[in-house]
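The lines below spell out each chain.
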Amino acid sequence: MSQYRIAAIPGDGIGKEVIAAGIEVLDALAARNGGFSFEFESFDWGSDYYKKHGVMMPSDGLEKLKPFDAIYFGAVGAPDVPDHVTLWGLRLAICQPFDQYANVRPTRILPGIQSPLRDVGAKDLDWVIVRENSEGEYSGVGGRVHKGLPIEVAQDVSIMTRPGVERIIRFAFKLAQSRPRKLLTVVTKSNAQRHAMVMWDEIAEEIAAEFPDVTWDKMLVDAMTMRMTMKPGTLDTIVATNLHADILSDLAAALAGSLGIAPTANLNPEGTYPSMFEPIHGSAFDITGKGIANPVGTFWTGAMMLDHLGEREAAAQLMRAVEMVTADPALHTPDLGGTSTTRRVTDAVIAAVQGRNT
Ligand code: NAD
Ligand code: MN
């Protein structure tokens, strides 16, 4: 029997609530499946840790995480700690050194959930967004001088390297090739950003030659928002820069019904370092402690983690359980227009995993 060692980093706000729910569901699934088990170790890193220690995680944090098979991450962000501190101090402080360069964000409309787009159903929206996750607009390079003075200057430098762009575009072509429609859209802003984005277009042309069976096209990011809302069915796999895909994937999540259901995998595809799995949403302090956070994004994230660990059947089993639950509007949390709670949704998914009815 395989045993997987998972580092859990619940983080802040509803991150704590949804990761607790996710661990319960994954343990129940493992018990039911019988072929594997989990050993979770929890790390209390995040904003509370920062307020005590002045850092989001200890200096040997990465060393601690390295031996794990995967990382299950909640969210970071607190009202009284600047967002750039929480993001750079924990999430990016793990993603970048662990070279989790491929951020994979599937979006589809789950049973029972209504898209805000009129007449758009499950068959019209089934996408995977691949986000470049190691460089670009979030390289962290830049500076700010003469703060507050009339001559103040600030810059965030977007750095794109040929190897960085080649590997993400090749990853996206491979993923597109593995999906039934074999369709890829490469998103840039190469009309206005005439250096790095033109390089993206050229590299896409080069890599496309390796994948003659994939149909692909190019879009400018502004026009892409229109295509996602007006012609969602013409899209399948999408690849974009760190910033562009960040924005497009929140739009995608909203079009699929709620930010609360959307999952992410931060992959180090070579397996040199552990990969990290997290719901897309943040710490949502407006609903923290109310027991109404939608845990579905975290469960779906768990299914992606199972897939990554090679437990394909268990991943599919978990998604079937999640879909049985979303199909019932009585089990929708308030973000989906319902009155259900994190507890009830979690219990229902556990029951579905175990083959019981609630
Ligand atoms: P958010 O994702 O936390 O919340 C946006 C809105 O969606 C809120 O109204 C929230 O209540 C709702 N929402 C989000 N997840 C939900 C869920 N699972 N169930 C029900 N409703 C849900 O984004 P925000 O409000 O812009 O940011 C709050 C904090 O989170 C900030 O500090 C921000 O920096 C941080 N943040 C962190 C991450 C991350 O850790 N990966 C991502 C985004 C934002
Ligand atoms: Mn985001």
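Residues numbered from 1 in each chain as written. Chains lettered and ligands numbered in written order. Predicted model: local features only at pLDDT ≥ 70, side-chain atom pairs only at ≥ 80, totals over all residues.

Trainee: Looking at this structure, how should I read the overall build of the protein?
Mentor: Along the protein, the regular secondary structure elements total eleven helices and twelve strands. Taken over the C-alpha trace, the protein has a radius of gyration of 20 Å; the compact-globule value for 358 residues is 21 Å, and the two agree within 12%. Principal-axis analysis of the C-alpha atoms places the extent of the protein at approximately 60 × 50 × 40 Å. Residues classed as buried in the protein amount to 46% of the 358 residues present. Across the protein, contacts joining residues at least 24 apart in sequence account for 74% of those joining residues at least 6 apart. (Helix = DSSP H or I, 4+ residues; strand = E, 2+ residues; numbered from the N terminus. Rg over C-alpha atoms; globule rule 2.2 N^0.38 Å. Buried ≥ 20, exposed ≤ 12 C-beta atoms within 10 Å, placed from the backbone. Contact = placed C-beta atoms within 7 Å.)

Trainee: Quick question: what am I supposed to make of the site of ligand 1 here?
Mentor: The local shell around ligand 1 holds 21 residues, among which Gly77, Gly260, His281, Gly282 and Asn294 are the closest. Elements supplying a minimum of two residues to the shell around ligand 1: helix H1 (14–33) and helix H4 (83–95). (Near = placed C-beta within 6 Å.)

Trainee: Looking at this structure, how should I read the domain arrangement of the protein?
Mentor: Interface size, as often reported, equals the accessible area lost upon joining of the parts. In terms of domains, the protein is made up of domain 1 (1–102 + 269–357) and domain 2 (115–256). The distance between the C-alpha centroids of domain 1 and domain 2 comes to 25 Å. The partner domain 2 presents eleven residues to the ten residues of domain 1 that form the contact. Here the element with the most residues in the side of domain 1 that touches domain 2 is H4; it accounts for three residues. Split by residue class, the side of domain 1 that touches domain 2 holds seven nonpolar, two polar and one charged. (Domains from an automatic or database assignment. Nonpolar A, V, L, I, M, F, W, Y, C, P; charged D, E, K, R; others polar.)

Trainee: Sorry if this is basic, but what is going on with the packing of helix H10 (residues 312–326) against helix H11 (residues 342–353) here?
Mentor: When two helices pack together, their arrangement is given by the angle between their axes and by how far apart the axes lie. Running from N to C, H10 and H11 cross one another at 130 degrees; their axes reach a closest spacing of 8 Å. Judged on the interaxial angle alone, H11 and H10 are oblique. Crossing of H10 against H11: the hand is right-handed. Of the residues in H11, those touching H10 at Gln317, Leu318, Ala321, Val322, Met324 and Val325 are Val345, Ala348, Val349, Ala352 and Val353. Within the contact of H10 with H11, the residues separate by chemical class into ten nonpolar, one polar and no charged. (Axes fitted to C-alpha atoms, helices over the stretch in contact; angles between N-to-C directions. Parallel < 35°, antiparallel > 145°, perpendicular 65-115°, else oblique. Left-handed = near helix turned anticlockwise from the far one by under 90°.)

Trainee: Even after reading the chapter, I still don't get the nonpolar core, so can you show me in this structure?
Mentor: Looking at soluble globular proteins, one finds that nonpolar side chains tend to be buried together. Counting 100 residues, the largest nonpolar core has Ile71, Ile169, Val239, Leu318 and Val349 as the members making the most contacts within it. Counting residues per element, this core draws most heavily on H1, which supplies nine residues. A domain-level breakdown of this core finds at least three residues from each of domain 1 (1–102 + 269–357) and domain 2 (115–256). Discounting residues that sit within four places of it in the chain, Val349 has contacts with Val25, Phe299, Ala321, Val322 and Val325. (Core = buried A, V, L, I, M, F, W, Y, C linked by C-beta atoms within 7 Å.)

Trainee: What am I meant to see in the sheet that holds strand S9 (residues 215–220) here?
Mentor: Strands in a sheet are paired, the pairing made by backbone hydrogen bonds, and the direction either parallel or antiparallel. Across the sheet, which stays open at both edges, the ten strands sit in the order S2-S1-S3-S12-S11-S4-S5-S10-S8-S9 with mixed pairing between neighbours. A single partner strand is all that each edge strand has here, and the edge strands are strand S2 (36–42) and S9. Strand-to-strand twist in this sheet, taken as the mean axis angle between neighbours without regard to direction, amounts to 25 degrees. The sheet contact formed by strand S1 (residues 2–11) and strand S3 (residues 70–75) spans five bridges and is parallel. Among the inter-strand pairings, Ile9 is bridged to a residue of S3, identified as Phe73. Contacts from H1 reach S1, S2, S3 and strand S12 (275–279), with the element oriented near 145 degrees to S3. Lying on the sheet, helix H8 (residues 242–255) is in contact with strand S4 (102–108), strand S5 (126–132), strand S8 (183–188) and strand S10 (237–240); it crosses S5 at an angle near 155 degrees. (Pairing = 2+ DSSP bridges.)

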